[in-house]
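Take a look at the letters that make up each chain.
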Amino acid sequence: MNKKITVIKGDGIGPEIVTQAQVVLDKVCEKFGHTFEYTDILMGGCSIDACGVPLTDEAVATAKAADAVLLGAIGGNTSTSPWYKLEPSLRPEAGLLKIRKELGLFANLRPALLYDELKDACPLREEVADKGFDMMMMRELTGGLYFGKRETKTVDGVETAIDTLEYNENEIRRIAIKGFDIAMKRRKKVTSVDKANVLDSSRLWRKVVNEVAKDYPEVELEHMLVDNCAMQLVRDPAQFDVVLTENMFGDILSDEAAMVSGSLGMLASASLNETKFGMYEPSHGSAPDIAGKDLANPIATIISAAMMLRFSFDMDKEADAIESAVKQVLKEGYRTGDIMSEGMKKVGCKEMGALIAERI
Ligand code: NAD
C-alpha cells in the first residue's frame, strides 16, 4: 500500500522523536511491502521563525492532501522563549488549534495501558497494578461546555457567569460510531460515560449511544456515571476497554487514566475526523529542557505512529508488530532516562528507535 503522511516535527524534542518514529515506519515498509511518502510542514515556533506565523495556509493544504498527519510536539520554554512575547494568536500553540480546526478533528483517542515492565511507575495499589490494564480513552473534542455560549453579567446586582453545555444528536452519533468501530478492533466493550441522572445533554448522549449500539451487536455496551468512572479508574482500571465520553468529562478522565499508567514519554494520542484521516502525536510537549541531547523517549511517538497504521490505514498487523517490538525492547531491559530504573540498560533516543525498528 502507498500512503501519504504529512510530518510535523515541530520544536524542542519534536524532530528527534519523529525521526525515530520514521525509522520504525521505514522498517514496517520494508517488512510488509508498503511505501510511505513523507512531506514535512512547519508548525509552532519553527514556523514563526521561518514564516512569521505558527501555521501557514499552504501547510494546512499539504496536511489536508495527506492520508494522515504525524506530529512531534511544538512550543518552547514558556518563560524564556521570544515566541511567548507575541500576541496569543501568533504563539506556537495557535498553530495546533488551527490545524485541529481545519482538519475537523472531533474525536480524541488516548490509550492508557500499563506495561508489565513499568509496573513500578504505576501509583496504584500493588494488587491493582498487578492485574494490569489496557484501555482507550475516547473524548469528544469540538462540542460541549468548552465551545458553548458563555457570558459574565450582573444579575440583580450580583456578578454571574454562565457557560452552556450543548450537544446535538449528530455530534454524539459521529463520535459514538468511532467508539464502536474502535471497540471492534479491540476487546469489544464500550463504557459510555455521562451524567444522565442530572444533565439533559447526557440523557441525549445515552439515547444516541444506545441507538448506535444496535448496529454493533458484538460489542458489549455499559453506561457509567462520570463520578463513578473517576473512582473505577483507580479502583479497577482492568474493567475498561473503550471509554467513550464528552469533552469536559473526557478532559478530566483522560488525564486521570494517563496518570495511573506512569511516564509521560509513553503516552500516545490520536485525533480523528469523520473519514479515516487522523493526526497522531505523543501526549507530552516539546520538552525544551532536554531538546537536542538525545535524551528524549521516542516511544509515545512510535506508539502514535502505530495508531496511525491501525486507525487511518487499517494496517492492524503492522501496528501489532510495532507494539510488540516496543514491549520486547522493554522486556529486554532497555530504558530511556525518564523510565530508567535500577538494573536496566540506559539508552538514548536514537538507540531506542533503532532497537525497536530491529525487532519489527
Ligand atoms: P513537556 O511535556 O514538554 O515536559 C514536561 C517534563 O517531561 C519535562 O521535564 C520533560 O523533559 C519531560 N518529558 C516530556 N516528554 C518527554 C519524553 N518524550 N522523554 C523524556 N522526557 C520527557 O511539558 P512542558 O515542559 O510543560 O511544556 C514544554 C512546551 O511544550 C511548552 O511550550 C508547551 O506549551 C508545549 N506543549 C506542547 C504540546 C503539543 O505539542 N501537543 C503539548 C503539551 C505542551
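Residues numbered from 1 in each chain as written. Predicted model: local features only at pLDDT ≥ 70, side-chain atom pairs only at ≥ 80, totals over all residues. Heavy atoms only, no water.

## Some words on the site of the ligand
Then step 1. Around the ligand, a shell composed of 22 residues is seen, among which Gly-76, Glu-93, Gly-285, Ala-287 and Asn-297 lie nearest.
Then step 2. Within the backbone of Gly-76, one N or O atom sits 2.6 Å away from an oxygen atom of the ligand.
Then step 3. The fraction of the free accessible surface of the ligand (810 Å²) that becomes covered by protein chains is 70%.
Then step 4. For the shell around the ligand, the class distribution of residues is 10 nonpolar, eight polar and four charged. (Near = heavy atom within 4 Å. Polar contact = N/O pair within 3.5 Å; in protein donor to acceptor, adjacent residues only side chain to side chain. Areas by Shrake-Rupley, 256 points an atom, 1.4 Å probe, with all protein chains shown as cover. Nonpolar A, V, L, I, M, F, W, Y, C, P; charged D, E, K, R; others polar.)

## Concerning the packing of helix H3 (residues 57-64) against helix H4 (residues 92-102)
Then step 1. Running from N to C, H3 and H4 point in directions that differ by 45 degrees, and their axes come no closer than 11 Å. Classed by the angle they form, the pair H3 and H4 counts as oblique. The two elements H3 and H4 cross, and the hand of that crossing is right-handed. Taking contact as the criterion, the partners of Asp-57, Val-60, Ala-63 and Lys-64 in H3 are, on H4, Lys-98, Ile-99 and Glu-102.
Then step 2. Residues belonging to the contact of H3 with H4 are distributed by class as follows: three nonpolar, no polar and four charged. (Axes fitted to C-alpha atoms, helices over the stretch in contact; angles between N-to-C directions. Helix = DSSP H or I, 4+ residues; strand = E, 2+ residues; numbered from the N terminus. Parallel < 35°, antiparallel > 145°, perpendicular 65-115°, else oblique. Left-handed = near helix turned anticlockwise from the far one by under 90°. Contact = heavy atoms within 4.5 Å.)

## A short note on the sheet that holds strand S9 (residues 220-225)
Then step 1. Spatially, 10 strands are ordered S2-S1-S3-S12-S11-S4-S5-S10-S8-S9 in an open sheet, and the strand pairing comes out mixed. If you trace the sheet from one side to the other, it starts and ends with strand S2 (35-40) and S9, each paired once. Between one strand axis and the next, the sheet turns by 25 degrees as a mean value, whatever way the strands run.
Then step 2. Bridge analysis of strand S3 (residues 68-73) against strand S12 (residues 278-282) gives two bridges, and the strand direction is parallel. (Pairing = 2+ DSSP bridges.)

## Thoughts on the pattern of salt bridges
Then step 1. This model, assessed by the stated rule, comprises 29 salt bridges.
Then step 2. Salt-bridge contacts for Lys-153 lead to Glu-151; the nearest nitrogen and oxygen are separated by 3.7 Å.
Then step 3. Residue Glu-151 is classed as partly exposed on the basis of its relative accessible area, which comes to 41%.
Then step 4. Taking the shortest distance from any N to any O, the salt bridge between Glu-169 and Arg-173 comes out at 3.0 Å. (Salt bridge = Lys/Arg side-chain N within 4 Å of Asp/Glu carboxyl O. Buried < 20%, exposed > 50% of the residue type's maximum accessible area, 1.4 Å probe, protein only.)

## So, the packing of aromatic side chains
Then step 1. Under the definition given, this model contains three aromatic pairs.
Then step 2. Ring geometry for Phe-36 versus Phe-313: centroids 5.9 Å apart, planes at 45 degrees, classification tilted. Here Phe-36, found in strand S2, pairs with Phe-313, found in the loop between helix H10 (299-312) and helix H11 (316-331); they are 277 residues apart in sequence, far enough to count as distant.
Then step 3. Exposure remark for Phe-36: the relative accessible area of 10% places this residue in the buried category. (Phe/Tyr/Trp six-rings, centres within 6.5 Å; stacked < 30°, edge-to-face > 60°.)

## Regarding the packing of helix H1 (residues 14-32) against H11
Then step 1. Between H1 and H11, the shortest axis-to-axis distance is 11 Å and the interhelical angle comes to 130 degrees. Judged on the interaxial angle alone, H11 and H1 are oblique. Both H1 and H11 take part in a crossing whose hand is right-handed. On H11, the residues touching Val-24, Leu-25, Val-28 and Phe-32 of H1 are Lys-317, Glu-318, Ala-321 and Ile-322.
Then step 2. Residue composition of the contact of H1 with H11, grouped by class: six nonpolar, no polar and two charged.

## Observations regarding the domain arrangement of the protein chain
Then step 1. Entries for the protein chain in the domain assignment read domain 1 (1-109 + 267-360) and domain 2 (123-260).
Then step 2. Centre-to-centre, using C-alpha coordinates, domain 1 lies 26 Å away from domain 2.
Then step 3. Tallying the contact residues gives 16 residues for domain 1 and 13 residues for domain 2.
Then step 4. With both chains or domains summed, domain 1 and domain 2 bury close to 1,300 Å², and 67% of this area falls on carbon and sulfur atoms.
Then step 5. Inspection of the domain 1/domain 2 interface yields two salt bridges.
Then step 6. A salt bridge links Lys-185 to Asp-316; its shortest N-O distance comes to 3.0 Å.
Then step 7. Where domain 1 packs against domain 2, one counts seven residue pairs in polar contact (both at pLDDT 80 or more).
Then step 8. Breaking the side of domain 1 that touches domain 2 down by element, the ones donating at least two residues are strand S4 (107-113), strand S11 (268-272) and H10.
Then step 9. Of the residues belonging to the side of domain 1 that touches domain 2, the class tally is eight nonpolar, four polar and four charged. (Domains from an automatic or database assignment. Buried area = accessible area lost by both parts, 1.4 Å probe.)

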